[in-house]
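# Structure at a glance
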Amino acid sequence: MKLPISWLKDFVDLKDLTVIDIADKLTMGGMEVEDIRFAGLPLPERDDHGFKVNGIAWDRDKIVVAEITAVNPHPNADRLTLCELFDGQIHHTVLTGAPNLYPFKGLGQLEKPIKVAYAKEGATLYDGHAEGLVLATLKRTKIRGVESYSMVCSEKELGISEEHEGVIFLDDDAVAGTPLVDYMGDAVLEVKINPNMARNTSILGLAREVAALTGRALKKPVYENQVKGESIEGRIKIEIGNPALNPRFTIGLIRNVEIKPSPYWVQRRLRMIGMRAISNIVDATNYTMFELGEPLHAFDYNVLAARVAGPSAPVVISTRTAQPGEKLTTLDGQERTLSDSNVLVCDSAGALSLAGIMGGAESEVSPKTTDILLEAAAWNFINIRKTANQHNLPSEASYRFSRGVHPGLCLEGLKRCLYWMAQWSGGQVAPGIIDEYPLPPKQAVIEIRASDIRRALGIEIALNEAKSLLERLEFECELVNNELRIIAPPIRMDIGEGVVGVADIMEEIARIYGYERIPETRMADPLPPQRGNPALEREERVRDILASLGMQEIITHRFTSPEIENRLLPKNAAVPPIDYVRLANPIAPEKRVLRRSLLASVLNVVERNARLSESLSLFELGSVFVPSDELLPREPRRLAFAITGKRFESAWDTRIGVKVDFYDLKGLVEGLLDALHLEVSYAPAVHPSFHPGKCAAIIANGASLGVFGELHPLVQENYDFVSPVLAADLDLEAILPLLPALGHPVRPVSEFPPVLEDIAVIVEESLPADRVEALIRQTGGKTLASVRLFDVFRSEQIGAGKKSLAYALTYQSFDGTLTDKDAAGIRTRIIRRLENELDAKLRS
Amino acid sequence: MLEKLNEIEQEALASLAVIEDEAALEAWRVANLGRSSPAMNVFSQMGTLSKEERPLVGQRANQVKVALEKAFAEKLEAVKQAALAKSLATEQLDVTLPGRPAPRGRLHPATQNLRRVLDILAEMGFQVYTARDVESDEYNFQLLNIPPHHPAREMQDTFYVESAQKEGSYSVVMRTHTSPGQIRAMREFSATNPQNPPPIRIALPGMCYRFEQITARSEVQFNQVEGLVVGESITFGDLKGTLSDFARRMFGQHARTRFRSDHFPFTEPSAEMDMECFVCGGKGCPVCKKSGWLEILGCGMVHPTVLQNGGYDPRRYSGFAFGMGPERQIMLRHKINDIRYFWGNDIRFLEQF
Ligand SMILES: [Zn+2]
């Protein structure tokens, strides 16, 4: 909502308030001022005021009101004129090219001088011919042989609007010599109106707030009209079809209007607020809408009267919902097909307008119109919102109606608009107003005590102070005993009753009292039970461990597509039917479902970064989304990671080109699970995304915690990778519950010296190494403190289909120093069992 | 014999004086202090001397031996020092050459800041409560005092999930804020003791979603952290005090805040907490868009309807809630002007944190 300061002044005295003061009050009071455009008034001197500011100030001495007394032709140019102009002190001859001065050319001394905005040499203005807003200083020059040092201004040059078709013709009350800034200097605040403040989509609404926030009086507009001629009582009737959709409908009439342009000040205000000026009658409806917040609609009364059955029959205005498929041509010339939720304003001959949104073409005000039937009505805001969206008809009227205009405003809006129409068109307001009001909204009544204020805001505000704060906003208040009884004013749709009403009132008290005046306190309430969040804490541990293993965390979009996730399958493989959680309104086809695979997300990021780093080690932890039979999908937590590229980053003296392989990945898996203190085993696994010989499952208690391995070559081909990628896809839902709740057992450390020994055994190639190690550990018992595989070796000497596994064993006792003999005894038992049970041979 | 000993001593000391390295010194030791060195030979020849001479020569030989040993020790020390000095002087590394890179893992910047926010809140007694990403319209809107077709829905462009429709709109949405977690938490806690529900002080972090095009300024997903306090004597003054404390912990003890009125359907009164711009100190700069203030969080007293929907009687309980965007804080702090960096996961961005 744009708020011109000059317009605000109509309703509240702004003496001693700067533009910045006003912007600050509004912003702190819940109406954020997003920017300020100056058009005449001086810009703030300091720049630490906290607002975005632009625009132009008008120099008091150099930009003044002047009058043109004659418009003479230019001797050398048809399109230019030489104006005789008086600036209040001196007569000048001023060169202009304004087309709206042509009609006065050669008429000699004008009977009635034209009042204009006159800029003298050295004045700073916007360049009217430049694209956009370019400041320029007026300089003495010669145009076609005639000297020029000053000019008559357009709105664009003065920063009022984009208008540059001609120069401004000021209203008659402008006095030559007056600094223009005193006559019409202005600034426009762009005010953000929150949904709960629909009442403030008007100048009067914002003026009420400024008055309340500054403790000033609100000057109410004039609503009474002088009336003349035959009353409309009995001549016009209203029939409301559904009061829930149309709680109120009011009609007034004005006769003998002359359709012509509005006074300049009206046009200027409309343009400053973002509306085009059209004609006095249309402008009056728009002006009143901006002024009071009540949208109005003007019909050509004679068109309606001509459609009624007989000369004595009344004009009957009715409202109803449309027939499905019914058509109406709106005044933008478009034929619209309606649905049965759209509300129409009709007469006996048919539909006239789409209620609250746009008029019909047939009954539109035309240059020949003389009598105006004026509508001010109230509509259901949800219905208007739907209809405006349905027909894609956002307008200033539907913007207001769809946020809720209180039906109480109809009568004031109607009267005020008739007043302006009479002022600007010379018409006569007819006696009588037709007012159908079948469904007045209940005005909220709230009772509060001082303890309510203390409880909500933490401060003491006496009830009589609260009363005066609320009365500034036109709440009706009565202090009875220790209770304040409050009735919401008939402009408010946002005030509830009961506990909700109390909260609404607390907001109003706090707002007008000033949030900044409420002291900051620390909570006196006891600290609630401290529950922690064990699930999250475990996940955070996983993140820390992975980072400590040198991995980079990534976070990706939850939105993806089945095609993107199917890249996890080998090329040309059959795609299993997988159900996704689908968005009804995706922003793009590749973001139309919720991910089911975290691995797919991680691989996308590997691909994106493949050429940016010689090695990558990435992980993501988060939810995937699985459709369920319930209303809401399941959101299980997953962990995926991937590594690729060089095992060691190159340095200036080391250029080891070894690339990561399965065992690098397994080291990370083991590093993670070991840090989590999980006992797991590994088994070969088959998974479509992985190389069939280089894929393992992690097993705990017989269940799989996830798989990892080298990506299948045919999967790698689906991506633009630089090196083979190794990846893991783990199920946190399975892993995290296994974590020891209180702490894992810690082994004691022996004080006695260890005996170190290596053994190497030759076994069948097909024998998994973990069986050898398990048997060694089992046999070694407590005395075998550690087992470490340090070499795997194959050679002709050992024999085809065989491998040698070499282990470093550490024997250590808690009871005393082991002798070589003790160690030899254990060793012998180990070797014997390896030979007997695994068919191993000791390598000498 | 005494003269010979003098000669031996002088010759040995003279030859020692010119020695510069340890190898030569060792050779000198063997030659002059070894078993068959001239000085030692004197001892073995003692038998050939007269009784009178013997004590004199013996004494003198001992003096020579001690003197040579001392000289040797001093020389050894000097040679070592010289060798060390030489090596220190010659072993000059180019310390400006880069070190060999140690593998370094990192958490995503969003995680880092999320933790920072949650850590501070945890110290203030806020327990982390996590809830789901895909929500029902009921929890995301209706129970939070945003009925269907409410104008406030326009403030939050919503992703709808294909699901059963109610009155022409889908009944499942991607949560637009973490606020549905407020209802879930209140219901969970009040269910433990419906007559006497426990007080609440929780932080609700999580990914939220808005139907927007992805541009430098807007994203389809973003983290949010909300806080919720419910108790029997919570006031608007507590809200201001608690959140200003938070701001000082988060942005430094000098952080200045202001609270201005705003509107959220689920709080009343509602406010926006601004913080004086930490880049320009309030003078106005591109980071604060010349306003001198940065919008840090939205807040307000929990709406009575929301308390009621959570199982807390608004006549007895009051509370406040607030919400902030951790990514936005990172952008302000690091002057990042493209929000797409966060989920773009370009390694060149991530490695800067
Ligand atoms: Zn700044």
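Residues numbered from 1 in each chain as written. Chains lettered and ligands numbered in written order. Predicted model: local features only at pLDDT ≥ 70, side-chain atom pairs only at ≥ 80, totals over all residues. Heavy atoms only, no water.

## Details of the overall build of chain A
If you tally the helices and strands in chain A, you get 22 helices and 41 strands. Taken over C-alpha atoms, the radius of gyration comes to 42 Å for chain A, far larger than the 28 Å a tight globule of 844 residues would show. Viewed in the frame of its principal axes, chain A has a C-alpha envelope of about 130 × 75 × 60 Å. Here chain A carries 95 positive and 116 negative side-chain charges, and the mean point of each set is 2 Å from the other. (Helix = DSSP H or I, 4+ residues; strand = E, 2+ residues; numbered from the N terminus. Rg over C-alpha atoms; globule rule 2.2 N^0.38 Å. Lys, Arg positive; Asp, Glu negative; His and termini not counted. Charge placed at Lys NZ, Arg CZ, Asp CG, Glu CD.)

## What about the packing of helix α1 (residues 2-17) of chain B against helix α2 (residues 22-33) of chain B?
All names here are of chain B. One way to put it is that α1 packs onto α2 with a least axis distance of 10 Å and a crossing angle of 175°. On the basis of the axis angle, α1 is roughly antiparallel to α2. Where α1 approaches α2, its residues A12, S15 and L16 are matched on the opposing element by L25, W28 and N32. Residues that form the contact of α1 with α2 fall into these classes: four nonpolar, two polar and no charged. (Axes fitted to C-alpha atoms, helices over the stretch in contact; angles between N-to-C directions. Parallel < 35°, antiparallel > 145°, perpendicular 65-115°, else oblique. Contact = heavy atoms within 4.5 Å. Nonpolar A, V, L, I, M, F, W, Y, C, P; charged D, E, K, R; others polar.)

## With respect to the coordination of the zinc ion
Residues and elements named next belong to chain B. For the zinc ion, the full set of protein donor atoms is C277 (SG), C280 (SG), C285 (SG) and C288 (SG), at a range of 2.2 to 2.3 Å. Coordination at the zinc ion comes from four donor atoms whose angles at the metal span 102 to 112°, giving a geometry best classed as tetrahedral. Read in sequence order, the donor residues for the zinc ion give the motif C-x2-C-x4-C-x2-C. The pair C285 / C288 is uniform in exposure class, with both members buried. (Donors = N, O, S within 2.8 Å, 3.2 Å for Na, K, Ca; no water. Tetrahedral: all angles 85-135°; square planar, octahedral: opposite > 155°, others 65-115°. Buried < 20%, exposed > 50% of the residue type's maximum accessible area, 1.4 Å probe, protein only.)

## A short note on the packing of aromatic side chains
A complete count under the given rule lists 30 aromatic pairs over all chains for this structure. With centroids separated by 5.8 Å and ring planes inclined at 85°, the aromatic side chains of W265 of chain A and Y287 of chain A adopt a geometry described as edge-to-face. Of the two residues, W265 of chain A is situated in helix α6 (residues 264-273) and Y287 of chain A in helix α7 (residues 280-292); the sequence distance between them amounts to 22 residues. Judged by relative accessible area, which is 0%, Y287 of chain A ranks as buried. Geometrically, the ring pair formed by W28 of chain B and F72 of chain B is stacked, given 6.0 Å between the ring centres and 5° between the ring planes. Linking W28 of chain B in helix α2 with F72 of chain B in helix α4 (residues 53-90), this pair joins segments that are 44 residues apart in sequence. (Phe/Tyr/Trp six-rings, centres within 6.5 Å; stacked < 30°, edge-to-face > 60°.)

## Some thoughts on the domain arrangement of chain A
Splitting chain A by domain gives domain 1 (2-56 + 188-214), domain 2 (59-184), domain 3 (236-436), domain 4 (445-510), domain 5 (534-738) and domain 6 (755-842). Between domain 2 of chain A and domain 5 of chain A, the C-alpha centre-to-centre distance is 73 Å. (Domains from an automatic or database assignment.)

## Comments concerning the sheet that holds strand β40 (residues 802-811) of chain A
All names here are of chain A. Pairing is antiparallel in the open sheet, where four strands are placed in the order β39-β40-β38-β41. Unpaired on one side and paired on the other, β39 (784-793) and β41 (841-842) mark the two borders of the sheet. Pairing of strand β38 (residues 755-764) with β40 involves 10 bridges; the strand directions are antiparallel. From the neighbouring strand, I762 faces β40, where its bridge partner is S804. Running at roughly 30° to β40, helix α21 (residues 769-780) makes contact with β38, β39 and β40 of the sheet. Along the sheet, helix α22 (residues 820-838) makes contact with β38, β40 and β41, crossing β38 at roughly 10°. (Pairing = 2+ DSSP bridges.)

## So, the interface of chain B and chain A
Taken together, the contact between chain B and chain A spans 103 residues of the former and 91 residues of the latter. For the chain B and chain A pair, buried surface summed over both sides reaches about 8300 Å², with 56% attributable to carbon and sulfur atoms. Remark: the boundary between chain B and chain A carries seven salt bridges. The salt bridge involving D133 of chain B is made with R558 of chain A; its shortest N-O contact spans 4.0 Å. Counting residues per element, the side of chain B that touches chain A draws most heavily on helix α8 (residues 236-251) of chain B, at nine residues. For the side of chain B that touches chain A, the class distribution of residues is 42 nonpolar, 30 polar and 31 charged. (Buried area = accessible area lost by both parts, 1.4 Å probe. Salt bridge = Lys/Arg side-chain N within 4 Å of Asp/Glu carboxyl O.)

## Quick look at the nonpolar core
If you look at the biggest cluster of nonpolar residues, it comprises 153 residues, and the most contacted ones within it are L26, I36, L158, L189, I448 and I509 of chain A. In contact with L189 of chain A, other than residues within four places in its own chain, are M1, K2, L3, I5, V19, I22, A23, L26, V33, D35 and I36 of chain A. In this structure, L594, L618 and C695 of chain A together with F159 of chain B belong to the second largest nonpolar core, which totals 54 residues. (Core = buried A, V, L, I, M, F, W, Y, C linked by side-chain atoms within 4.5 Å.)

## Brief notes about a nonpolar patch on the surface
All names here are of chain A. A cluster of nonpolar side chains, namely F648, I656 and V658, defines an oily patch on the protein surface of about 260 Å² accessible area. One can find I656 in the loop between β33 (637-645) and α18 (662-675). You can call I656 partly exposed: its relative accessible area is 42%. (Patch = residues over 30% accessible without salt bridge, like charges linked within 9 Å, V, L, I, M, F, W, Y side chains within 5 Å. Areas by Shrake-Rupley, 256 points an atom, 1.4 Å probe, with all protein chains shown as cover.)

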